[in-house]
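# Breakdown of the fold
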Amino acid sequence: MKDYDIIVVGGGHAGIEAASASARQGFSTLMITQSLDAIGRLSCNPAIGGLAKGNLVREIDALGGEMGHLIDISQIQFRMLNKSRGPAVQAPRAQADKFTYSRNAKELMEHTKNLELFMDTVVDFLVEKGKVIGVVTERGWKISSRAVVLTTGTFMEGRIFIGEYDAPCGRLGEMAAQGLGKALREKGFDVGRMKTGTPARVAASSLDYDEMEIQPGDEEIVPFSFMTDEVTRPQRNCYITYTNEETHKIIRENMHRSPLYGGKIVGKGPRYCPSIEDKVVRFPDRERHQIFVEPEGINTEEMYLNGLSSSLPEEVQRKFMRTLPGLRHCEIMRPAYAVEYDYLNPQDLLPSLESKHLENLFIAGQTNGTSGYEEAAAQGLMAGLNAGLKLRGEAPLILSRTEAYIGVLIDDLVTKGTKEPYRMFTSRAEYRLSLRHDNADQRLTRKAYEKGACDKERLEKLEEKLKAMDCVKELVKSYKERGKNGLALLKEPEITMDYISSHVAKLNDYPRYIRNEVELDIKYSGYLKRQEIEVDRFLKNESILIPDDFDYDALEGLSAESREKLKNIRPHSVGQAQRISGVRVSDIALLMIGVKSARKAKESENGSPE
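Figured I'd write up the structure that's included with this text.

## Focus on the overall build of the protein
Within the protein one finds 20 helices and 24 strands. Relative to its full complement of 610 residues, the protein shows a buried share of 58%. Put simply, of all contacts in the protein between residues at least 6 apart along the chain, 72% involve residues at least 24 apart. Total accessible area computed for the protein in this model is approximately 26,000 Å², and 49% of it derives from carbon and sulfur atoms.

## Brief notes about unusual backbone geometry
In the Ramachandran plot, glutamate 157 falls in the positive-phi region, its phi being about 55° despite a non-glycine side chain. Structurally, glutamate 157 can be placed in the loop between strand 9 (142-150) and strand 10 (159-162). In this structure, leucine 353 takes a positive phi of about 75° despite not being glycine. Tracing the backbone through its elements, the reader meets leucine 353 in the loop between strand 21 (337-344) and strand 22 (361-363).

## Thoughts on the nonpolar core
Generally speaking, a soluble globular protein has its nonpolar side chains buried in company with each other. Phe125 and Ile406 are the most contacted members of the largest nonpolar core, which totals 90 residues. Top contributing element to this core by residue count: helix 10 (residues 373-391), with 11 residues. For isoleucine 406, the residues in contact, after removing those within four places along its chain, are Leu56, Glu59, Ile60, Leu63, Ala378, Met382 and Leu399. Ranked by size, the runner-up nonpolar core spans 25 residues in total, among them Ile251, Met303, Leu312 and Cys330.

## Focus on helix 2 (residues 53-62)
In terms of burial, helix 2 is a largely internal element, 10 of the 10 residues being buried. Where helix 2 is concerned, the buried positions are Lys53, Gly54, Asn55, Leu56, Val57, Arg58, Glu59, Ile60, Asp61 and Ala62.

## Describing the packing of aromatic side chains
The tally for this structure, following the rule as stated, stands at 6 aromatic pairs. On the basis of an interplanar angle of 75° and a centroid distance of 6.1 Å, the ring pair of phenylalanine 78 and phenylalanine 224 is categorised as edge-to-face. Of this pair, phenylalanine 78 sits in strand 4 (residues 75-81) while phenylalanine 224 sits in the loop between strand 16 (213-215) and strand 17 (238-242), placing them 146 residues apart in sequence. The residue whose ring lies beneath arginine 286 is phenylalanine 283, and the NZ or CZ to ring-centre distance is 5.0 Å. Directly above the aromatic system of tyrosine 422 lies the positively charged group of arginine 428, at a separation of 4.2 Å from the ring centroid.

## Some remarks on the sheet that holds strand 19 (residues 302-306)
Read across the open sheet, the 6 strands follow the order 16-17-18-19-15-20; overall the sheet is antiparallel. Looking at the sheet topology across the chains shown, the edges are occupied by strand 16 and strand 20 (332-334). When strand polarity is set aside, the average angle formed by the axes of neighbouring strands in this sheet is 35°. With 3 bridges joining them, strand 16 and strand 17 adopt antiparallel strand pairing. The residue bridging isoleucine 214 from the neighbouring strand is tyrosine 239, located in strand 17.

## Looking at the pattern of salt bridges
If you walk through the whole model with that rule in mind, you get 50 salt bridges. Measuring nitrogen to oxygen at the nearest pair gives 2.9 Å for the salt bridge that ties glutamate 164 to arginine 257. In this pair, glutamate 164 sits in the loop between strand 10 and strand 11 (165-167) while arginine 257 sits in the loop between helix 6 (245-253) and helix 7 (259-262), placing the two residues 93 residues apart along the sequence. By relative accessible area, which is 48% here, glutamate 164 ends up partly exposed. Taking relative accessible area as the criterion, arginine 257 reaches 22% and is therefore assigned partly exposed. The residue lysine 447 makes a salt bridge to glutamate 403 at a minimum N-O spacing of 3.4 Å. Of the two residues, lysine 447 sits in helix 12 (residues 440-450) while glutamate 403 sits in the loop between helix 10 and helix 11 (405-416), which places them 44 residues apart along the sequence. Taken together, the salt bridges that share partners define one network made up of Arg401, Asp411, Asp412, Lys416, Glu430, Glu542 and Arg579.

## Section: helix 17 (residues 525-542)
In a regular helix each residue adds 1.5 Å, so 18 residues correspond to 26 Å; helix 17 covers 25 Å between its end C-alpha atoms and thus fits that length. Residues Ser525, Leu528, Gln531, Val535, Phe538, Asn541 and Glu542 constitute the buried set of helix 17. For helix 17, the angular spread of buried residues about the axis comes to 155°, placing them on one side. Structural note: helix 17 exposes Lys529, Ile533, Asp536, Arg537 and Lys540 on the side pointing more than 90 degrees away from its buried face. Contact partners of the buried residues in helix 17: helix 16 (512-523), helix 19 (574-578) and helix 20 (585-606).

## Remarks on the pairing of strand 10
As defined by bridge partners, strand 10 adjoins strand 21 across 3 bridges and the pair is classed as antiparallel. By the bridge assignment, isoleucine 160 is partnered in strand 21 with valine 339. Pairing of strand 10 with strand 11, which is carried by 3 bridges, proceeds in the antiparallel orientation. Residue phenylalanine 161 lies in a different strand from strand 11, and its bridge partner there is aspartate 166. Between strand 10 and strand 11, which pair antiparallel in sequence order, lie 2 residues; one of them, glycine 163, sits at a positive phi of approximately 60°.

## Some details on a positive patch on the surface
A surface patch of positive charge is lined by Lys540, Lys596, Arg599 and Lys600. For the positive patch, the element with the highest residue contribution is helix 20, accounting for 3 residues. Among the structural elements, arginine 599 can be located in helix 20. By relative accessible area, which is 39% here, arginine 599 ends up partly exposed.

## As for the sheet that holds strand 14 (residues 191-198)
Two modes of strand pairing occur in sheets, parallel and antiparallel, and in both the strands are linked by backbone hydrogen bonds. Taken in spatial order, the 4 strands make up an open sheet running 11-10-21-14, and their pairing is antiparallel. Of all strands in the sheet, those bounded by a partner on one side alone are strand 11 and strand 14. Across the sheet, the axes of successive neighbouring strands diverge by a mean angle of 20°, strand direction being ignored.

Criteria and thresholds
Here the residue index of a chain counts from 1 through its sequence in written order. Reporting in this predicted model follows two pLDDT cut-offs: at least 70 for local features of residues, and 80 or more for side-chain atom pairs to be given and counted; totals over whole chains, interfaces and linings ignore these cut-offs and use all residues. To obtain the side-chain values, all non-hydrogen atoms of the structure were used and water was disregarded. Helix and strand definitions here come from DSSP, where helices need a minimum of 4 consecutive H or I residues and strands a minimum of 2 consecutive E residues; each element is numbered from the N-terminal end. Buried means the residue's accessible area, taken with a 1.4 Å probe over protein chains only, is under 20% of the maximum for its type, while exposed means over 50%, and partly exposed covers the values in between. Contacts: residue pairs with any heavy atoms within 4.5 Å of one another. Each accessible area value is a Shrake-Rupley result obtained with a 1.4 Å probe; residue values ignore everything except the protein chains displayed when judging cover. Definition of nonpolar core: a set of buried residues of the types Ala, Val, Leu, Ile, Met, Phe, Trp, Tyr and Cys, connected through side-chain atoms within 4.5 Å. Pairs were defined over the aromatic rings of Phe, Tyr and Trp, the Trp ring being its six-membered one, requiring ring centres within 6.5 Å. Orientation was assigned from the angle between planes: stacked under 30 degrees, edge-to-face over 60, tilted for the rest. A ring is scored as having a charge over it whenever the NZ atom of a lysine or the CZ atom of an arginine sits within 6 Å of its centre and within 35 degrees of its normal. The pairing criterion for strands is at least two bridges between them, as found by DSSP. Angles shown run from 0 to 180 degrees and are taken between the N-to-C directions of axes, each axis being a line fitted to C-alpha atoms and, for helices, limited to the stretch in contact. Every case where a carboxyl oxygen of Asp or Glu lies within 4 Å of a side-chain nitrogen of Lys or Arg is listed as a salt bridge. Between the first and last residue of a helix there are one fewer steps than residues, each counted as 1.5 Å, and that sum is the expected span. By definition, the arc is the one covered by directions from the helix axis to the C-beta atoms. By definition, no residue in a patch forms a salt bridge, and every one has over 30% relative accessible area; like charges are joined within 9 Å, nonpolar side chains (Val, Leu, Ile, Met, Phe, Trp, Tyr) within 5 Å. Charge counting follows a simple rule: Lys and Arg are positive, Asp and Glu are negative, and His as well as the terminal groups are ignored. One atom stands in for each charge, and that atom is NZ of Lys, CZ of Arg, CG of Asp or CD of Glu.

Now the structure itself:
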């Protein structure tokens, strides 16, 4: 096999973004995956986006990524969540035709310039002088590269569980990637186990829809990609049903047969997406739990039971599922199951997602302890981009918590770590009002272009949008009423852009999304200015950089806990050090003094700057 600049291990959502980000920068890239037919597979929920997750998808797109485009050309229902609430917590979500999504993802990878695909399983790394220089595959290939991006998802030493049955799989019917977890342990990596699960898929023709609530999509479809002008895909309904006391009784009676409660599974499961067994145990007084019945595609019988994941035996699954309205005659096509897999401690990563243990190895996705396609894709994009920047000898692109949900995600992982599958929420982002899904391009596209992560067409699209927004603002300003111009009027809660548009006809020449974004900028300008003050305060400590070779042992007065955590994580700034759990405020004060002293000493050695 020939040499490559970058090898990406895995063809899931993190792998897709990593490989395309690497290839877009002009690096010869090889994606190695166990199955070419499983590239971009929606393993669990056939949907993209959601609260905070939709923001991540739009940020991925703004940075030149692929997920927004892929969902735009494969979606079958769109909904803007939290429309009745403030803009900071609104987010797009779309059901996908999962087969169309995966097929388009594979075709995209096949036609990406500088990218090659290869079907095999990576079992080890080639290492020389503390640097990764390639990979070893199950079939014996030794393939060299200058950097590697690891995105194994749930496949590294994966094992699925259905009642008493278990097997080495990353997904039902797909073999686990065995050998790599052991190799990483032998190389000194901190490897743990995590657990996730997925519900059963049932035949659409076996359901009684009259017994369920209809959940239609929105009439107005907002594209995920800033490069998509319009989505014209056919739309499908989803449905809602509920568990009941009979459901819970059957589950309680068979709890001893669950591998979750029988001790077979040791990995920690997702707190915010628990199995139905977890729900029954954790919420014993809850009379019912909401279940969403969602189509997996336009031309498939399979329906996804969102909220009903389980690892109970198949006959028990059938029994409790048939107690739900609309599911009383359901036929299971694929059973629910739990999957346990190896993950790596994300605190062992630099903010660029490069490993501290092995230079030029970048790690992304569920391998870092996250859950969700969107979290995985965001990490994959940044890992692939930063791997390329490292090879070019340039500084990595590290997004701040103040400028992107992606920044929040990665900072949380590398600073705080995680002992359970990490999921993004709007509440994790302190500056969420300025991190709206609609302005992701304004926040990130110029940065992406400067780093070679996206093409000029995307930048030009942003510049056209900004010009249009300026024109809209001028038209709004031209309207006068009650001695106020339109900009002042729009700050009043009862005045909307539609109201002003009814008086200024030229405003209707501009797309609704442009008018909406201008309206939000104007209405929340006061809040945003106050948030800017908070951001400036945050960035002050972020700008105090800690040298890579800073000697924490020489810093007198540090508590033992703080010293241990600072040495382990080695934060790149005082701001990051402040966010490490268990590090005291008094120790941060000592750290600031120590960093300033170290800087002065270095300046004295090198001569004072002019």
